[in-house]
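Summary of the model geometry
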Amino acid sequence: MSQKILTALVAAVTFSSASFAASVSQEEYDAIAERIKPVGDVYLAGAEPVKAEPTGPRDGATVYGTFCIACHASGVSGAPKTGDAGDWAPRIAQGSDVLADHAINGFNAMPAKGSCMDCSDDEIIAAIEHMIEGL
């Protein structure tokens, strides 16, 4: 007996919700959607929505602080540390063209553009100048 009641109840709910969905106007649907929309968004690290492009070139400090600092602050994998004359002297001695070429195209453990694929060559050069200023 209880199985028949349960079946009838499920059928009644199914058909009544289908009937309700068919009778809801677009305005009512939009109002319901507005009321139940999420308050905010949650993203996994690295899956954030793409932000608008900057309005101009980034300065060396900005590029360094966003991309270069991860390796050049501590010397990861032999990266010359920012402001360390001993680390930078042999590289500077090769000339600014070689230094720029290695930073832009990658060299040894350093990936091309230090993984800043949207950085221009001028922004990369500005980041190098930021790292070696005052030496």
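All of the points below concern the structure found in this document. (Residues numbered from 1 in each chain as written. Predicted model: local features only at pLDDT ≥ 70, side-chain atom pairs only at ≥ 80, totals over all residues. Heavy atoms only, no water.)

Of the regular secondary structure elements, the chain holds six helices and zero strands. Ordered by position in the sequence, the α and β elements of the chain form the string α-α-α-α-α-α. In terms of C-alpha radius of gyration, the chain reaches 29 Å, well past the compact-globule figure of 14 Å for 135 residues. Each principal axis of the C-alpha distribution contributes one length, and for the chain these read about 90 × 35 × 20 Å. Taken across its 135 residues, the chain has 18% of its residues classed as buried. Looking at the chain alone, contacts between residues at least 24 apart form 48% of all its contacts between residues at least 6 apart. Accessible surface, the chain as shown: approximately 9,800 Å² in total, 61% of it carbon and sulfur. When the 8 positive and 18 negative side-chain charges of the chain are each reduced to one mean point, those points stand 12 Å apart. (Helix = DSSP H or I, 4+ residues; strand = E, 2+ residues; numbered from the N terminus. Rg over C-alpha atoms; globule rule 2.2 N^0.38 Å. Buried < 20%, exposed > 50% of the residue type's maximum accessible area, 1.4 Å probe, protein only. Contact = heavy atoms within 4.5 Å. Areas by Shrake-Rupley, 256 points an atom, 1.4 Å probe, with all protein chains shown as cover. Lys, Arg positive; Asp, Glu negative; His and termini not counted. Charge placed at Lys NZ, Arg CZ, Asp CG, Glu CD.)

This model, assessed by the stated rule, comprises one disulfide. Covalent S-S linkage joins cysteine 116 and cysteine 119, the inter-sulfur distance amounting to 1.8 Å. Sign of the S-S torsion, about 80 degrees for the bond between cysteine 116 and cysteine 119, identifies this disulfide as right-handed. Here cysteine 68 stays unpaired: no disulfide links it, and the sulfur of cysteine 119, its closest cysteine neighbor, is 7.3 Å away. In this structure cysteine 71 is not part of a disulfide, and its nearest cysteine sulfur, from cysteine 68, lies 8.9 Å away. Take cysteine 71: its relative accessible area is 35%, and that puts it in the partly exposed class. (Disulfide = S-S within 2.5 Å.)

Residue serine 77 is not a glycine yet carries a positive backbone phi of 50 degrees. Inspection of the secondary structure puts serine 77 in the loop between helix H3 (60-72) and helix H4 (85-93). At asparagine 108, a residue that is not glycine, the phi angle is positive and equals roughly 50 degrees. Checked against the element boundaries, asparagine 108 lands in the loop between helix H5 (96-105) and helix H6 (121-132).

This part takes up the side chain of glutamate 123. Along the chain, glutamate 123 falls in helix H6. A polar atom in the side chain of glutamate 123 sits 2.7 Å from the backbone nitrogen of arginine 58. Excluding its chain neighbours within four sequence positions, the residues that come into contact with glutamate 123 are Gly56, Pro57, Arg58, Val63 and Asp118. (Polar contact = N/O pair within 3.5 Å; in protein donor to acceptor, adjacent residues only side chain to side chain.)

To continue, consider the layout of surface pockets. Within this model, the largest pocket holds a volume of roughly 600 Å³. Surrounding the largest pocket, 29 residues form its lining, His72, Ala79, Pro80, Phe107 and Met110 being those nearest its centre. Ranked by residues supplied to the lining of the largest pocket, first place goes to H3 with five residues. Residue composition of the lining of the largest pocket, by class: 19 nonpolar, eight polar and two charged. (1 Å grid on protein atoms, 1.4 Å probe; cavity = no way out; pocket = protein on both sides within 12 Å on 5 of 7 lines; lining within 4 Å. Points joined across faces, edges and corners; volume = space filled by probe spheres on them. Nonpolar A, V, L, I, M, F, W, Y, C, P; charged D, E, K, R; others polar.)

Moving on, we get to a nonpolar patch on the surface. Taken together, Leu6, Leu9, Val10 and Val13 make up a surface patch of nonpolar side chains, about 380 Å² in accessible area. Looking at the element boundaries, valine 10 is found in helix H1 (residues 2-23). (Patch = residues over 30% accessible without salt bridge, like charges linked within 9 Å, V, L, I, M, F, W, Y side chains within 5 Å. Salt bridge = Lys/Arg side-chain N within 4 Å of Asp/Glu carboxyl O.)

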